[in-house]
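Spelled out, the chains give:
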Amino acid sequence: MEGGHSCRIATHGEYKNWIEGHEIEFGHVGGDPGEPIELCVENGMFTVSFIREGLKKFRGWLDDNMKTPWKACQNTDVIIESPSAMAGIHVAEKLEIPYFRAFPFPWNRTRAFPHPFAVAERNLGRGYNYITYATIEQVFWKGVSGQINKWRHRSLDGLEEFLEADPDNKPVYIGFGSMAVSDPNEITRTIIEAVLKSNARAIISKGWSDKSGSKDGSKTTNYPAAIYMLESVPHDWLFHRLAGVVHHGGAGATAAGLRAGVLTMIKLYFGDQRFWAQREEDDGVSVWCRDLTVKKLSSSLSTITTDEKMIKKAQMMGERIRAEDGVGTAIQYFYHDRALAKGRLGDQQKKKEKVSRFNGIWTNQKPQEPWTGIGLQRESPAPL
């Protein structure tokens, strides 16, 4: 924090007051830390009874200890973790951020000394030292790998479970970015009723705001099982897994939907959104919903999830777009046009030099050639 960073310590709830008392942000990690400690004290480390009892008692603790760090680590740039926490390295991989391991005793492989959990009565040499680390790693991983891999496949936050809950009825995404509306609670109600009426499943990103500034506090908290509410989600990660998307027609959301190869319903608000709505409708890969009512939204949802002809068009367009190297092509144009721009600048400089020489001859020097003495009057070109 003294170096300018914002910091969060994610750990068990019993430390919350102590951490916040030092004006450090607290992140909650589940699981009772006393349980594994008690297990070790009663049975010893990596004994037969330790493994047997651990398999019976440890699973619930591990599930809780894996789920909660995912939320606690959101919106971070780096994770520094005790390896005993176990979840951090997997969360860092999912978030694509750097991971550092910090522990009060050696944990990484070395030949200099044995693993602290496998110290022999006497020095057995460098080879033994190295093997102890590999052995402890394998025993430890063998005990937790099943649960950890299952947790990783669930995408760490519960959204994966909703996506895979009904493979024959993929959900649609509904989100209007940060568009300001007069009554956000009413638009939420309309969307929920339309989803239920169309027998669809929906992931709703409630980013729209109340332009009237109303603070009545009336918020829907109990949503039907067919609806998953969230704050935000990466479009490129989600859209290709859906039956369709409903958005406001912004350039970014439009591009993401087209690239994913899914049908779109657009409810526009202003600006370039009308342009994108017309383009997609003309290409037969979108439905333009001009008025957001339960009847029209439910009809549109039915269309984008069942119209096979339109679905095929969207899939083909997505394939063509994904086959393009847009970034690579943009870079090629950059270098090509940079060279062209340099050439034009060079031409302009040559013109300036030519004009400068011409002005010098015409206005600053006395006539020396015979033809200049016939009284010809002429204005010099204006300097660039």
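Because the structure is a prediction, the values reported are computed rather than measured.

(A) Highlighting the overall build of the protein. What the protein contains, in helices and strands, is 13 helices and 12 strands. The buried share among the 384 residues of the protein stands at 34%. Accessible surface, the protein as shown: approximately 24500 Å² in total, 53% of it carbon and sulfur.

(B) Summary view of helix α10 (residues 273-282). Restricting attention to buried positions, one finds in α10 the residues Q273, A277 and E280. In a view along the axis of α10, the buried residues occupy a sector of 75°, so they form one face of it. Buried positions along α10 lie against α9 (251-260), β11 (263-266) and β12 (286-288).

(C) View of the packing of aromatic side chains. In total, this model carries eight aromatic pairs according to the counting rule given. With centroids separated by 5.1 Å and ring planes inclined at 90°, the aromatic side chains of F103 and W107 adopt a geometry described as edge-to-face. Given a relative accessible area of 26%, F103 falls into the partly exposed group. On the accessibility criterion, W107 (15% relative accessible area) is buried.

(D) Structural view of the packing of α9 against helix α12 (residues 308-323). For the pair α9 and α12, interaxial distance at closest approach is 6 Å and the crossing angle is 105°. Between α9 and α12, the crossing angle belongs to the class labelled roughly perpendicular. Between α9, through L258, R259 and A260, and α12, the contact on the second element is made entirely by M317, G318, I321 and R322. Residue classes in the contact of α9 with α12 are distributed as four nonpolar, one polar and two charged.

(E) Representation of the pairing of strand β2 (residues 25-28). Bridging between strand β1 (residues 8-11) and β2 involves four bridges; their strand directions are parallel. Within β2, the residue paired with T11 across the bridge is H28.

(F) How the structure looks around the sheet that holds strand β5 (residues 172-175). The parallel open sheet is built from six strands, whose spatial order is β9-β7-β5-β10-β11-β12. Looking at strand neighbours, the two that pair on one side only are β9 (227-230) and β12, the edges of this open sheet. Direction aside, the axes of adjacent strands within the sheet are offset by 15° on average. Across four bridges, the pairing between strand β10 (residues 244-247) and β11 is parallel. Of the residues in β11, the one forming a bridge with G244 is L263. Helix-sheet contacts for helix α11 (residues 294-306) involve β5, β10, β11 and β12, and the interaxial angle to β11 is about 165°.

(G) Looking closely at the pattern of salt bridges. Evaluation of the coordinates by the stated rule reveals four salt bridges. Its salt-bridge partner being E193, residue R189 comes within 2.4 Å of it at the nearest N-O pair. Of this pair, R189 and E193 both sit in helix α7 (residues 184-197), separated by four residues, roughly a single helical turn. When its relative accessible area of 35% is taken as the criterion, R189 is described as partly exposed. Judged by its relative accessible area of 35%, E193 is partly exposed.

(H) Geometry of the side chain of S286. Counting through the fold element by element, S286 comes out in strand β12. Separated by 3.0 Å, the side chain of S286 and the backbone oxygen of T264 make a polar contact. Apart from residues no more than four positions distant in its own chain, S286 is found in contact with L263, T264, M265, I266, E280, E281 and M310.

(I) Geometry of the pairing of β5. Neither face of β5 is open: one carries V172 and I174, the other Y173 and G175, and all of them are buried. In terms of strand pairing, β5 meets strand β7 (residues 202-205) through four bridges, oriented parallel. Bridging from a neighbouring strand, Y173 pairs with I203 of β7. Pairing of β5 with β10, which is carried by three bridges, proceeds in the parallel orientation. Looking at the pairing, I174 lines up with V246 of β10.

(J) Examining the environment of I191 more closely. Examined against the element boundaries, I191 turns out to sit in helix α7. With a relative accessible area of 0%, I191 lands in the buried category.

Criteria and cut-off values
Residues numbered from 1 in each chain as written. Predicted model: local features only at pLDDT ≥ 70, side-chain atom pairs only at ≥ 80, totals over all residues. Heavy atoms only, no water. Helix = DSSP H or I, 4+ residues; strand = E, 2+ residues; numbered from the N terminus. Buried < 20%, exposed > 50% of the residue type's maximum accessible area, 1.4 Å probe, protein only. Areas by Shrake-Rupley, 256 points an atom, 1.4 Å probe, with all protein chains shown as cover. Arc of directions from axis to C-beta. Contact = heavy atoms within 4.5 Å. Phe/Tyr/Trp six-rings, centres within 6.5 Å; stacked < 30°, edge-to-face > 60°. Axes fitted to C-alpha atoms, helices over the stretch in contact; angles between N-to-C directions. Parallel < 35°, antiparallel > 145°, perpendicular 65-115°, else oblique. Nonpolar A, V, L, I, M, F, W, Y, C, P; charged D, E, K, R; others polar. Pairing = 2+ DSSP bridges. Salt bridge = Lys/Arg side-chain N within 4 Å of Asp/Glu carboxyl O. Polar contact = N/O pair within 3.5 Å; in protein donor to acceptor, adjacent residues only side chain to side chain.

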